[in-house]
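Coordinates in review
What follows is each chain in one-letter form.
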Amino acid sequence: MNFKKIVIVGKGVLGMMAATVLLPYCKEIFIISTNNNSKKEKKESRSFALNLLSEYMLRKHNIWRSLDSSSVNSFDKISVLDTYSSSTINFESSDVSLNRMGHIINESNLFEELEKSINDNSSIEILDGLKIETINSDYKNVQINNNKKLEFDLLINTDKTVNCLYSDGLFLRKIHDYNQTAYCLNIEKSDKCDDTAFQRFNNDEIQGLLPLNKDYYNLIWTLPNNSFKKISNLDNESLKKRISDDLLPLIGKIKSISQPVSFPLKNIIVDKHTNKRLILMGDAAHTLHPLAGLGLNMGIQDLFLLEYAFINSSEIHDLLNFYSKNSHISNFKINNIINMLKKFYSTKLLPKIIKKTSFEIFNKSTSMKSHAIREATGINVLETHLRTQYTETYY
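Before going into details, it helps to say that this report is about the structure given with it. As a convention, each chain's residues are numbered from 1 in the sequence order in which they are written. Only residues with pLDDT of at least 70 get local features here, since the model is predicted, and only at 80 or more are side-chain atom pairs given and counted; chain-wide, interface and lining totals rely on the full set of residues. In computing side-chain properties, one takes all heavy atoms of the structure into account and sets aside hydrogens as well as water.

1. Topic: the packing of helix α9 (residues 316–346) against helix α10 (residues 352–364)
Our working rule: In this description, a line fitted to the C-alpha atoms serves as the axis of each element, helices being fitted only across the stretch in contact, and the angle between N-to-C directions of two axes falls anywhere from 0 to 180 degrees. Strands here mean DSSP runs of E at least two residues long; helices mean DSSP runs of H or I at least four residues long; both are numbered from the N terminus. When describing relative orientation, an angle under 35 degrees is termed roughly parallel and one over 145 degrees roughly antiparallel, while 65 to 115 degrees is termed roughly perpendicular and anything else oblique. Contact between two residues is taken to exist if any of their heavy atoms lie within 4.5 Å; hydrogens are not considered.
Between α9 and α10, whose axes approach to 11 Å, the crossing angle comes to 130 degrees. Taken together, the axes of α9 and α10 lie oblique to each other. Each of F344, Y345 and S346 in α9 lies in contact with α10, whose residues at this interface are K355, S358 and F359.

If you want it as structure tokens, here you go:
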């Protein structure tokens, strides 16, 4: 199905990727940048864990090959540890007959390559520094802050800060404040890193470790706001010691740490993903707890489902219905699973023996681990919708 003009709100990774993916199905794409994107220093400190569905999309649309290979590191194992029950679950790519679970990629490299591709395409125009004031009642044009109207066939919003979409009742958001803060920094090891990612649960704190390369891990540390206040007041050496005390059994001695960046954690989920010609995607539709590392992956999965709808729909009504139904069901399910896992790992109400036994049963169950891996990597979604068209060629 083809359109004349598509407007995409948000010049982040997902917004620019959406423009690249959907360009074959329309004549013009406008990207509205509200200047609310992450600062450069934040991008340099953050890394993404991309699953296999995200890799599929990046390879299919020729984005993968332009990435700096030194900024991409594959991992084949995730080790989940719970300090309260002294239990461990290991997820390995071999559990589902694959050679990797996913890839760790530097955010700035992915952003820069997408931006370069967008700037080189004359059919995509970036409108910087604009604010959407209102969506007109015909759902075919938007009022922006320079008193001009921008017409569209479809408007795709990836920016959760576009308040008029929510304040005007077009979409309803359920917001839950975790009362936690995420602390992100890079760790330089004294010894070499292997290709294992770690997730360490310590009561209300979660420490995720992504292997960037042979020398560095990226740490995503989520902790209650009161604990964060104490941690954020530590000097570099004291912070390094605190992290070393926690992670020494996992990764060995720490040589240095980078300057941390932080952001508050909230859970946001919308009541629907489409309204007339308006589409929500990524953070504009769902903001998840980072414990599973699925934030960007779920946004790219939204894009996968939208592209599938473009290819297989002859009417706009069918396109919007397919996308809204499938993206909402998938995101609602994953959101509930993540919140359930967070409660399970952080609660002290369950006796240690029950937690430990639950870990042992799960770790020994090939079928349960295989299902969890297939969900987290996006393989289930790929095979459900592509069926025989999906092959291991992209991997």
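2. Some points on unusual backbone geometry
Trans is the common state for peptide bonds, and a negative phi is the common state for residues other than glycine. To be explicit about the condition: Each residue's exposure class comes from its accessible area (1.4 Å probe, protein chains only) as a fraction of the maximum for that residue type: buried when under 20%, exposed when over 50%, partly exposed otherwise.
For N62, which is not a glycine, the phi torsion comes out positive at approximately 60 degrees. Its place among the elements puts N62 in the loop between α3 (52–60) and β4 (72–75). N62 sits in the partly exposed class, given a relative accessible area of 44%. Despite not being glycine, K276 has its phi angle at roughly 55 degrees, a positive value.

3. As for the sheet that holds β4
Threshold: Note on pairing: DSSP must find at least two bridges between two strands before they are called paired.
Strand order in the open sheet made by the three strands is β3-β7-β4, with antiparallel pairing throughout. Looking along the sheet, the strands with just one partner apiece sit at the ends: β3 (47–50) and β4. Across the sheet, the mean angle separating the axes of adjacent strands is 25 degrees when strand polarity is ignored. The pairing of β3 with strand β7 (residues 102–106) spans four bridges and is antiparallel. Residue pairing for β7: L50 is matched across the bridge by H103. Across the sheet, helix α4 (residues 107–119) touches β3 and β7, and the angle it forms with β7 is around 80 degrees.

4. Thoughts on the packing of aromatic side chains
Rules: Paired rings are identified among Phe, Tyr and Trp, the last through its six-membered ring, by centres lying within 6.5 Å, and are further divided according to the angle between planes into stacked (under 30 degrees), edge-to-face (over 60) and tilted (the rest). Only lysine NZ and arginine CZ atoms are considered, and such an atom sits over a ring when it is within 6 Å of the ring centre and within 35 degrees of the ring normal.
Inspection of every chain in the model, using the stated rule, returns 12 aromatic pairs. Taken together, a centroid distance of 5.5 Å and an interplanar angle of 45 degrees make the contact between Y25 and F310 tilted. Of this pair, Y25 sits in the loop between α1 (13–22) and β2 (26–33) while F310 sits in helix α8 (residues 295–312), and the two are 285 residues apart along the sequence. Each member of the pair, Y25 as well as F310, is classed as buried. Pairing F198 with Y217 gives two aromatic rings, centres 6.3 Å apart and planes at 55 degrees, and the pair type is tilted. Here F198 is found in strand β14 (residues 196–202), whereas its partner Y217 is found in strand β16 (residues 216–224), with 19 residues between them in sequence. No difference in accessibility class separates F198 from Y217, as the two residues are buried. An aromatic cluster is present here, built from F201, F344, Y345 and F359 joined pairwise through their rings. A cation over a ring is seen here: R173 above Y166, with NZ or CZ 3.6 Å from the ring centre. Note that K355 overlies the ring of F344, its terminal NZ or CZ placed 5.5 Å from the centroid.

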